[in-house]
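Residue-level structural notes
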Amino acid sequence: MSPSRSILLVGEGNFSFSASVSQLHSETETSITATCLQRQEEALRHEGAASNIQIIKDSGGEVVFGVDCRKLGECASLQGRAFDRVVFNFPHCGRKSGVKKNRELLKNFFLSCVQVLAEDGEVHVSLCNGQGGTPVDRPKREWHNSWQVAAMAAEANLILTDVHPFESEKYQGYKCTGYRSQDKGFHVERALLHVFTRSLPYTSAQILKVEEAVEGENVQYYVPAELSDYIFRGFLCSGSVHPVRLVQDFILQGLAEKCPVSMTTETIPFLLMAKQLEKCCGDVDSKRCYWIHLLQKDLNCDVHTSTDKAKAPLVRTDTRDSLSARCVTSEKVDTARSKGAESLRSACSLDVDPEGESGLYMLRPSLLPHIEELLTKKEELINDAESNGENEGNSKLVEVEGHKKEESCGGSNGVTSLLFGISGLVFRNVPINLWALPSFHELLLRGVFPLECKPIRLLGQRLEKLLAPYGVSLITQQGCLRLMAQPMGLVGRVYASNARDSIRHVSVTVSLNLDLLAVLLFSLPDWRLLWSHEPRFLQQFASRPSPGTPFHPFSLFPEQFSFDISFWTGPTWEERKFHAVVREASHGTVEQVKLIDTFSHPDLSQTSYCYRLIYRSHTHALSHTRALEFHQHLQSFLTSRLQVTIR
C-alpha cells in the first residue's frame, strides 16, 4: 500500500478506529477526516464516542456527522477535496439485511467514493471472512451468497489490487460496533482488508493509415481496427524492459553459449505480398491471414522526400518492426465511420478476396520470407566481396551484445554454423480463443550446419535446457521438433530443409512465439496483459527480473461474464469477420467464443447461429454493466456491418 497524505473514514460508529488511526499518524503530516451517518447527538450515544472524537480533534483531525457513504460527492464538507485513501470498515446495511442489500450498499459506496478519491488513491474495505466472495476467503462462500466485493467495485471502474488480513491488533483501542445496528461487534477474527485502485479507462479502437515501402513500391493501407493496439508499441526496441524483450535476450544469450547468434537490423515492412509467402511458407493457411486493400501505390519508394509525408505525424517502431513504416493518420473508429462505409470496410478488411487481385497483399503472418530475402542478399554481398578480392562483406548484421563473432565449425564453401536471426510482429486471423493470438512477436533463427553435427538434436537440447524448467517439452514429429507447453500448446518449432548447393549440409530454422514464452517464463495469467498500457505492468520488469520471477497481478480475481448472441445470416457466412467485429466491439475483453447451435431454415436461404461469449479482463475493471454494454455494442456492429438479423 502507498503512504497516505489524507485519509477519509466513512461509516464510523464509536469512532474508535478513527481515533486509533489518528494516533498512529500523529507525528506525520497525514490528515484524518472521520465521518458517520448519524447526527451528532445520535453518534455520541455510542460508548466511548465522545472521548474518541476528542482524540481525533486533538490530533488535528476532523469529524463530520450526517455523511451518507453512498452520496459523498453531495457532502458540502467533502466537495472539492481528493483523498489518498478512503476507508470503510465492515459495511452493513443494518439489522437483518440480506446479501443483495449489502451488495447494493457496496456498489453505491464505490460509485460515490471515486468522486472524492485522488487519481492514484486507494479504497480500503474490511469485510468479515467469507463475505467478499474472493478465493482468499476461507472457507469461500458460494458466489451467489457472497457480497461480490470485486464485482461491485468494478461498477465504479475500480480493480482489486490486494487482499490481506485485517490487523485489528495494530489499532489499539479499536472496538468494532454496529452489528445489526447494535453496539455489538462484528467477527473481526480472520477478517480481510480489500484494497482497490482505479483502472485505466477503456479506449476506442483506432483506424491507422500506414505507409511503407514494399517490393520497391510505396503503399498506403488501413490496419484493421481490431489490430490497431498491436502495432507501433516498440516492445523489442533497444533498452526495452518489456517481458517479450527480456525473454528474447534470455533465449539468445542461452543459445549463443553454444552457437554464435547474429540478429539483423534490416528494416522490414508489416505488409507482405502473397507471392513472397508462397515461396517459403506453404504451410500457412491463407484463410488465417489478414488480407489488405491498398489505398495508394507509388512506384517512387523514397518515403522520406515527399512533402506530404514530411508533414504527417510519424510513429516509429523498433528495429524489428520496420523503421520504414509510419502511421500517416490515426482516428477513432466512430469518427472514421462517419466518413463513409468504404473507409470502414477497408479499415476492417472485411471485403478482401484472397483469391482475387485484392488478395495480393497481407499483414505478414511469418517472418520467414524476410529472413530468406535477407540471407539471399547476404550471400550475394559475400560473393561480390570475394569476387572483388575484399575481406569483409558490408552486410547489415550485428552480433548479440557480449558475444564476438566466432569462426564457423565445420564450415566450407561459405557454409557456416552461425545462427542469423530476426524478430518482430506477425499477424494471424485466428478465431477468438484463450490462447489464440491475433498478433505476437516471432523470433526466427536460421543457420546452415554440417549433417554430421545433427543440428536439430543439438539445438533442441539447448532449447530444452533453457525452457524445460518453465514447462516446455519437446516432441519429435515428422522430422521436426515441436515445443509444447500447457495450457497454450505449441510455442515453437525447430525444423530442417535442404541447404543450397550442398548435400552435406542442412539448413535449420528455429521459430519461437515470444509472447507465449513470456507468459510461461513470468507466470502471467493472460497473454493480453502483454499489451496493457497500465504503468503497473511494466514497473514489475523495470529491474529486468530473471525468467522464473512470478508476475504479481495488479487486478486480482477478475470476474467473467457469459452472454449468448444469436442471429440470422444470408446464404454466405464468414466467421472470421464475426470474430473481428467481436474483438473490436468488446475492446478485447472477450476471451472465448463458442458456437452453441446452428439452424438452417428449410424454406429460406438463411441460417441461424448462436454463439456464447465469455468476457473477462485482467487489465481493466470489467463489471457486469460494462460487459453487457459491450455486448449490446456488438449487436449493433453485427447489424450494421455484417447485415445480420439479431434474434
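Everything in this summary refers to the structure shown in the same document. All of these numbers come straight from a predicted model, not from anything done at the bench.

Scoring rules and cut-offs
Here, residues in each chain are numbered from 1, in the same order as that chain's written sequence. Note on the predicted model: pLDDT of at least 70 is required for a residue's local features to be given, and 80 or more for side-chain atom pairs to be given and counted; whole-chain, interface and lining totals, by contrast, use all residues. Excluding hydrogens and water, the side-chain values take into account all heavy atoms of the structure. In this analysis, rings of Phe, Tyr and Trp, with Trp reduced to its six-membered ring, are considered paired at centre separations within 6.5 Å, and the interplanar angle assigns stacked below 30 degrees, edge-to-face beyond 60, and tilted for intermediate values. Only protein chains enter the area calculation, which uses a 1.4 Å probe; residues under 20% of their type maximum are buried, those over 50% are exposed, and those in between are partly exposed. Here a salt bridge means any side-chain nitrogen of Lys or Arg lying within 4 Å of a carboxyl oxygen belonging to Asp or Glu. Here a strand is any run of E in DSSP of at least two residues, a helix any run of H or I of at least four, and the numbering for each starts at the N terminus. Contact criterion: two residues are considered in contact whenever any of their non-hydrogen atoms come within 4.5 Å of each other. One bridge is not enough; two strands pair if DSSP finds at least two bridges between them. Helix axes are fitted only over the stretch in contact, all axes being lines through C-alpha atoms; the angle between N-to-C directions runs from 0 to 180 degrees.

1. Observations regarding the packing of aromatic side chains
- Scanning the model with the defined rule gives 31 aromatic pairs in all.
- Considering the side-chain rings of Trp573 and Phe578, the 5.9 Å spacing of their centres and the 50° angle between planes classify their relative orientation as tilted. Summarising the burial analysis for this pair, Trp573 and Phe578 share the class buried.
- Here a set of aromatic residues connected by ring pairs shows up, and it is made of Phe17, Phe90, Phe166, Tyr171 and Tyr174.

2. A few points about the pattern of salt bridges
- In this structure the tally under the stated criterion is 20 salt bridges.
- Between Arg528 and Glu591 there is a salt bridge whose closest N-O contact spans 3.2 Å. Of the two residues, Arg528 is situated in the loop between α13 (514-521) and α14 (535-539) and Glu591 in strand β23 (residues 590-600); the sequence distance between them amounts to 63 residues.
- By relative accessible area, which is 7% here, Glu591 ends up buried.
- Through salt bridges with shared partners, one network takes in Asp526, Arg528, Glu591 and Arg616.

3. A short note on helix α1 (residues 16-24)
- Counting buried residues along α1, seven of its nine residues qualify, which places the element largely inside the surrounding structure.
- For α1, the set of buried residues is Ser16, Phe17, Ser18, Ala19, Ser20, Val21 and Ser22.
- Those residues of α1 hidden inside the fold are in contact with β1 (6-10), β2 (31-35), α3 (49-58) and β4 (83-89).

4. Describing the sheet that holds β1
- Here we have seven strands laid out as an open sheet, ordered β3-β2-β1-β4-β5-β7-β6, and mixed in their pairing. Unpaired on one side and paired on the other, β3 (62-64) and β6 (158-165) mark the two borders of the sheet. Here the strands of the sheet are splayed against their neighbours by 20° on average, with no regard to which way each runs.
- Taken together, the six bridges between β4 and strand β5 (residues 117-127) define a ladder with parallel strand orientation. Note that in β5 the partner of Phe88 across the bridge is Val125.
- Its contacts with the sheet place α1 against β1, β2 and β4, and it is angled at close to 165° to β1.

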